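Chain and residue survey
Chain by chain, the residues run as shown.
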Amino acid sequence: MAPQAKIEALLKPAAAEATSTKIADLQAQGLVTFEDAARLDAVAERYAVAVTPTMLGLIDKADPRDPIRAQFVPSALELQQSPEESADPINDAAFSPLPGLVHRYEDRVLLKVLSVCPVYCRFCFRREMVGPGGEALVGENLDQALDYIRARPQIFEVILTGGDPFMLSPRRARELTQALAAIDHVKVVRWHTRVPVVAPERVSEEFVHALRADGVATWVAIHANHPREFTPAAQDAIRCMREAGISLVSQSVLLRGVNDRLDILQDLMRGFVALGVKPYYLHHPDLAPGTGHFRLPIAEGQELMRGLRRTLTGVAQPTYVLDVPGGAFKAPLDPVYLQETEGGLQLLDGTGHWHDYKG
């Protein structure tokens with residue numbers, strides 16, 4: 001079976017309304033001008049394009065700077081690559097002993113289940129590797145990955161990523177969950193997904209049931225970057241998982257022109273918490289090719305985090321992180337709240353004032 005056929009056999013049925021996957025589709029939607037189409041075809045030749053009907057419906061076509069548009073509609077700026085950018089910016093390859101498996105930290109591994117996504121984010125750090133022409137972790141490669149996990153009792157958690165693992169069919173999701181649950185030392189299975197917000201119709205009761213198995217705790221990390229992504233359908237999908245007893249955390253990327261304002265980040269994090277999703281990571285964008293227009297200085301990100309510390313409840317606070325280039329680890333980028341002085345220590349409060357501390 002050809003790689004593409006393999007992937008299609010694993011996927012859940014597509015939505016009734018078609019996803020836009022070509023520049024011509026976006027031009028027909030009024031999101032790309034005739035003059036820009038030729039340049040954007042060059043972008044689409046290099047990086048996959050897909051915008052779901054749900055996301056198309058959120059875009060304000062009258063606003064060229066619409067934050068949903070910025071995330072999914074290609075830009076000619078993607079053809080500009082700086083020297084520090086890399087096709088593998090967090091160096092997955094150096095930590096991949098087997099195809100589709102990344103073992104960077106001792107107690108957890110990443111399984112890249114398949115290469116396809118419901119949408120292709122224009123800032124994706126795996127943009128050189130994902131797309132409809134890629135392969136899935138199946139057959140002998142999957143067997144070898146499971147054998148690798150079985151042979152290493154230190155592996156406590158398996159993180160399913162890709163692509164987007166929520167693109168699997170319920171049957172394949174169930175088989176994978178049960179295979180991992182059968183490994184005694186694996187206690188947590190974590191799914192990383194964009195599906196609940198960009199294609200919420202795929203989160204069926206059957207699929208949610210497939211995520212759970214006796215012997216493991218199921219966690220789902222939901223990726224959303226703007227509060228408008230919490231459509232009624234997305235809220236229903238998230239509630240379905242929560243009511244099934246699945247633990248939910250969030251992932252967001254700090255993006256210039258999308259969520260680099262305090263009020264937007266406040267609404268985003270409050271939106272997660274209101275749905276029972278614990279804010280987890282706010283990622284500084286990785287050095288993926290053609291994504292420089294999304295990155296802002298870390299100092300600006302830290303200032304935004306100071307604002308969140310001042311204004312949000314503790315359960316709504318994400319950790320601002322950067323994947324260190326080269327793949328070593330995630331480094332927290334939160335502002336420093338502690339400094340040494342001649343008299344001892346000082347602590348910084350949320351209003352910007354330092355306080356002496358003796359303890």
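All of these numbers come straight from a predicted model, not from anything done at the bench.

A few points about the overall build of the chain
Tallying secondary structure elements over the chain gives 12 helices and 12 strands in all. Taken over the C-alpha trace, the chain has a radius of gyration of 21 Å; the compact-globule value for 359 residues is 21 Å, and the two agree within 12%. Its C-alpha atoms give the chain principal-axis dimensions of about 70 × 60 × 40 Å. Counting over 359 residues, the chain shows a buried share of 51%. Sequence-distant contacts in the chain: of pairs separated by 6 or more residues, those separated by 24 or more amount to 76%. Carbon and sulfur atoms make up 53% of the accessible area of the chain, which amounts to about 16100 Å² in all. Side chains of the chain give 37 positive and 45 negative charges; the mean places of these two sets differ by 2 Å.

Examining the side chain of H103
Summarising the element assignment, H103 is placed in strand β1 (residues 101-105). Using a relative accessible area of 16% as the deciding quantity, one classes H103 as buried. Of note is the side chain of H103, whose polar atom sits 3.1 Å from the backbone oxygen of E106. At 2.8 Å, the side chain of H103 forms a polar contact with the side chain of Y148.

Describing helix α6 (residues 139-150)
The first and last C-alpha atoms of α6 sit 17 Å apart over 12 residues, in line with the 16 Å expected at 1.5 Å per residue. When we look at burial in α6, the residues that qualify are L142, A145, L146, Y148 and I149. Each buried residue of α6 sits inside an arc of 155 degrees when the element is viewed along its axis, so together they form one side. Check the buried side of α6 and you find it contacts β1, β2 (108-114), β3 (157-162) and α7 (170-181).

Some thoughts on the sheet that holds strand β10 (residues 338-341)
Pairing in this open sheet of 3 strands is antiparallel, and the strands run β10-β11-β12 from one edge to the other. A strand with exactly one partner marks an edge of an open sheet, and here the two such strands are β10 and β12 (354-357). Averaged over all pairs of adjacent strands, the angle between strand axes in this sheet comes to 35 degrees, irrespective of strand direction. In terms of strand pairing, strand β11 (residues 344-348) meets β12 through 4 bridges, oriented antiparallel. Bridge pairing in β12 links L348 to W354.

What to know about the pairing of strand β6 (residues 247-253)
By the criterion of burial, β6 is predominantly enclosed, with 6 of the 7 residues buried. In this view, the connection linking strand β5 (residues 217-223) to its parallel neighbour β6 by way of helix α10 (residues 232-243) has right-handed handedness. Relative to strand β7 (residues 278-283), β6 runs parallel, the two sharing 5 bridges. If you follow S250 over to β7, its bridge partner there is P279. For the crossover from β6 across helix α11 (residues 262-274) to β7, the handedness is right-handed.

Some details on a nonpolar patch on the surface
On the surface, L338, L347 and Y357 cluster together to form a nonpolar patch covering roughly 270 Å² of accessible area. Along the chain, L347 turns up in strand β11. Residue L347 is classed as partly exposed on the basis of its relative accessible area of 34%.

Some points on the side chain of Q346
Note that Q346 resides in strand β11. Given the relative accessible area of 16%, Q346 is considered buried. Within the local environment of Q346, its side chain forms a polar contact with the side chain of D356, the two groups lying 3.1 Å apart. Those residues in contact with Q346 that sit more than four places away from it in its chain are Y337, L338, Q339, T341, W354, H355, D356 and Y357.

So, α10
Taking 1.5 Å as the rise per residue, α10 with 12 residues should run 16 Å; its terminal C-alpha atoms sit 16 Å apart, in good agreement. Those residues of α10 that fall on the buried side of the exposure criterion are A234, A237, I238, C240 and M241. In a view along the axis of α10, the buried residues occupy a sector of 150 degrees, so they form one face of it. Seen from the buried face of α10, the exposed residues on the opposite side, beyond 90 degrees, are P232 and E243. Along its buried surface, α10 packs onto α8 (195-198), α9 (205-210), β5 and β6. G245 sits one or two residues past α10 and shows a positive phi near 90 degrees.

Considerations on the pairing of strand β4 (residues 188-193)
Counting buried residues in β4 gives 6 out of 6 residues, a clear majority hidden from the surface. Of the two faces of β4, the one holding V188, R190 and H192 and the one holding V189, W191 and T193 are both buried throughout. For β3 and β4, the ladder comprises 4 bridges, and the chain directions are parallel. Across the sheet, the residue bridging to V158 is V189, located in β4. Since β3 and β4 lie parallel, the crossover through α7 that links them has a hand, and here it is right-handed. Relative to β5, β4 is paired through 6 bridges, and the arrangement is parallel. Within the sheet, the bridge partner assigned to W191 lies in β5 and is V220.

Criteria and cut-off values
- Residues numbered from 1 in each chain as written.
- Predicted model: local features only at pLDDT ≥ 70, side-chain atom pairs only at ≥ 80, totals over all residues.
- Heavy atoms only, no water.
- Helix = DSSP H or I, 4+ residues; strand = E, 2+ residues; numbered from the N terminus.
- Rg over C-alpha atoms; globule rule 2.2 N^0.38 Å.
- Buried < 20%, exposed > 50% of the residue type's maximum accessible area, 1.4 Å probe, protein only.
- Contact = heavy atoms within 4.5 Å.
- Areas by Shrake-Rupley, 256 points an atom, 1.4 Å probe, with all protein chains shown as cover.
- Lys, Arg positive; Asp, Glu negative; His and termini not counted.
- Charge placed at Lys NZ, Arg CZ, Asp CG, Glu CD.
- Polar contact = N/O pair within 3.5 Å; in protein donor to acceptor, adjacent residues only side chain to side chain.
- Expected span 1.5 Å × (residues − 1).
- Arc of directions from axis to C-beta.
- Pairing = 2+ DSSP bridges.
- Axes fitted to C-alpha atoms, helices over the stretch in contact; angles between N-to-C directions.
- Right-handed = clockwise from strand over helix to strand, strands pointing away.
- Patch = residues over 30% accessible without salt bridge, like charges linked within 9 Å, V, L, I, M, F, W, Y side chains within 5 Å.
- Salt bridge = Lys/Arg side-chain N within 4 Å of Asp/Glu carboxyl O.

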